[in-house]
Amino acid sequence: MAPSTTSDAPFGRLLTAMVTPMTAEGAVDYDGAARLATHLVDEQRHDGLVISGTTGESPTTSDAEKDRLLRTVVEAVGDRAAIVAGVGTYDTEHTLALARQAEAAGAHGLLVVTPYYSKPPQEGLLAHFGAVADATGLPVMLYDIPGRAGVPITSETLVRLGDHPRIVAVKDAKGDLFASSQVMAQTELAFYSGDDNLNLPWLSVGAAGFVSVVGHVVGTDLHEMIDTYRAGDVGRALAIHRRLLPVVTAIMTRTQGAIAVKAALNLLGLPGGPLRRPLVGASPEFTAQLREDLLMGGVKVPEAHQ
């Protein structure tokens, strides 16, 4: 595991679900991915990166592209950040294949989303996640996002999964902080905020850190929020939370996350590029409002990239 991790934060404190940069022609921009990963780790204080999550347009990248992308990022920053591979699909056998591919590529951990669309029962979730955790020697972060998957991972299921030695964390986008507090009290699972709107509240109930989207542009601020809160300076953490409200609003509430983040990266002159259908690029009106919101949140947007 990368050196930025600790026993209570097995993937570090601040991770971002990294976009997959694309060329103008729509091919994966591997050089851009290496540059973006380096920027996020070295300039934005990321302890880790999630590669090929939904924000990384995993539904529209091939297994071969995922493999090369992961290897590219591991080579670029894997010596100083935890690289977590998104491998979850709604097909257990495909997920197992992606997990083994990620292990061979040098990933430090796996992010496994709840199988989506088919709405498996909880016993099916237990079987799926257990099979993935058994498939490699890598630690696993479960991704609980019922708004997209269609079903939650119930607290009872999470407690049972927490008995597996390689299931060590949960990225939570369910937003039930009380239920998750109960799971944390009964297990050693580390919880990560999977919803930037709730980052600060998650810290108050014991979250290890964040798996962020807005971290693409305000990573240093988010890391400072975590550090100041953990040091007992709740007032400073709250001030950061409030200052970032325009950025979170712009990226997390007005359109799909990957669309918003790529628009922000393009404004900042960082590798982003276009998106693959069915996602489409941000409108000029959205981009203009995004620029104002970024500036309001303290992000320095270069004049040359208006």
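Residues numbered from 1 in each chain as written. Predicted model: local features only at pLDDT ≥ 70, side-chain atom pairs only at ≥ 80, totals over all residues. Heavy atoms only, no water.

Peer 1: Would you mind going over the overall build of the chain in detail, with residue names and values included?
Peer 2: Secondary structure assignment for the chain yields 13 helices and eight strands. In terms of overall dimensions, the chain is globule-like: its C-alpha atoms have a radius of gyration of 18 Å, near the 19 Å expected for 306 residues. With the principal axes as the frame, the chain shows a C-alpha extent of 50 × 45 × 35 Å. Within the chain, counting contacts between residues at least 6 apart in sequence, those at least 24 apart form 69% of the total. (Helix = DSSP H or I, 4+ residues; strand = E, 2+ residues; numbered from the N terminus. Rg over C-alpha atoms; globule rule 2.2 N^0.38 Å. Contact = heavy atoms within 4.5 Å.)

Peer 1: How would you summarise the packing of aromatic side chains if you had to cite specific residues and measurements?
Peer 2: Scanning the model with the defined rule gives three aromatic pairs in all. Positioned above the aromatic ring of tyrosine 143, the side-chain terminus of lysine 171 is 3.9 Å from the ring centre. (Phe/Tyr/Trp six-rings, centres within 6.5 Å; stacked < 30°, edge-to-face > 60°. Lys NZ or Arg CZ within 6 Å of the ring centre and 35° of its normal.)

Peer 1: Now, about the pattern of salt bridges: what can you tell me, with residues and values included?
Peer 2: For the coordinates displayed, the defined rule picks out 16 salt bridges. The salt bridge partner of aspartate 227 is arginine 45, with a shortest N-O separation of 2.9 Å. Of the two residues, aspartate 227 sits in helix H9 (residues 215–230) while arginine 45 sits in the loop between helix H1 (30–42) and strand S2 (48–51), which places them 182 residues apart along the sequence. Here aspartate 221 and arginine 243 are joined by a salt bridge, their closest N and O atoms 2.8 Å apart. With aspartate 221 in helix H9 and arginine 243 in helix H10 (residues 234–243), this residue pair connects regions lying 22 residues apart in the sequence. Since its relative accessible area comes to 31%, arginine 243 is described here as partly exposed. Put simply, Asp8, Arg13 and Arg230 are held in one network by salt bridges that share partners. (Salt bridge = Lys/Arg side-chain N within 4 Å of Asp/Glu carboxyl O. Buried < 20%, exposed > 50% of the residue type's maximum accessible area, 1.4 Å probe, protein only.)

Peer 1: Talk me through the pairing of strand S7 (residues 190–193); I want residue IDs and the actual numbers.
Peer 2: Across the two faces of S7 the burial is the same, with Ala190 and Tyr192 and Phe191 and Ser193 all buried. With four bridges joining them, strand S6 (residues 167–172) and S7 adopt parallel strand pairing. Among the inter-strand pairings, alanine 169 is bridged to a residue of S7, identified as alanine 190. Handedness of the β-α-β unit built from S6, helix H7 (residues 177–186) and S7 comes out right-handed. Sheet analysis places S7 next to strand S8 (residues 209–212), joined by two bridges and oriented parallel. Counterpart to tyrosine 192 in the pairing with S8 is glycine 209. (Pairing = 2+ DSSP bridges. Right-handed = clockwise from strand over helix to strand, strands pointing away.)

Peer 1: Provide a residue-level description of the UniProt feature "site: Part of a proton relay during catalysis" (unreviewed entry) in the chain, including the pertinent values.
Peer 2: Per the UniProt annotation, the sites labelled "site: Part of a proton relay during catalysis" (unreviewed entry) are Thr54 and Tyr117. As for its position among the elements, threonine 54 is in the loop between S2 and helix H2 (63–77). Using a relative accessible area of 32% as the deciding quantity, one classes threonine 54 as partly exposed. Locating tyrosine 117 in the fold gives a position in the loop between strand S4 (109–113) and helix H4 (122–135). Leave out the neighbours within four places in its chain, and tyrosine 117 touches Tyr90 and Ala149. (UniProt positions renumbered as here; feature names shortened; annotations may be inferred.)

Peer 1: Provide a residue-level description of the sheet that holds S4, including the pertinent values.
Peer 2: In space, the eight strands of this closed barrel follow the order S1-S2-S3-S4-S5-S6-S7-S8, with parallel pairing throughout. Sheet twist, expressed as the mean angle between neighbouring strand axes with direction ignored, is 25 degrees. Pairing geometry for S4 and strand S5 (residues 140–144), over four bridges, is parallel. Looking across to S5, one finds that valine 112 is bridged to leucine 142. Contacts between H4 and the sheet are confined to S4, S5 and S6, with S4 contributing the most and set at about 165 degrees to the helix. (Axes fitted to C-alpha atoms, helices over the stretch in contact; angles between N-to-C directions.)

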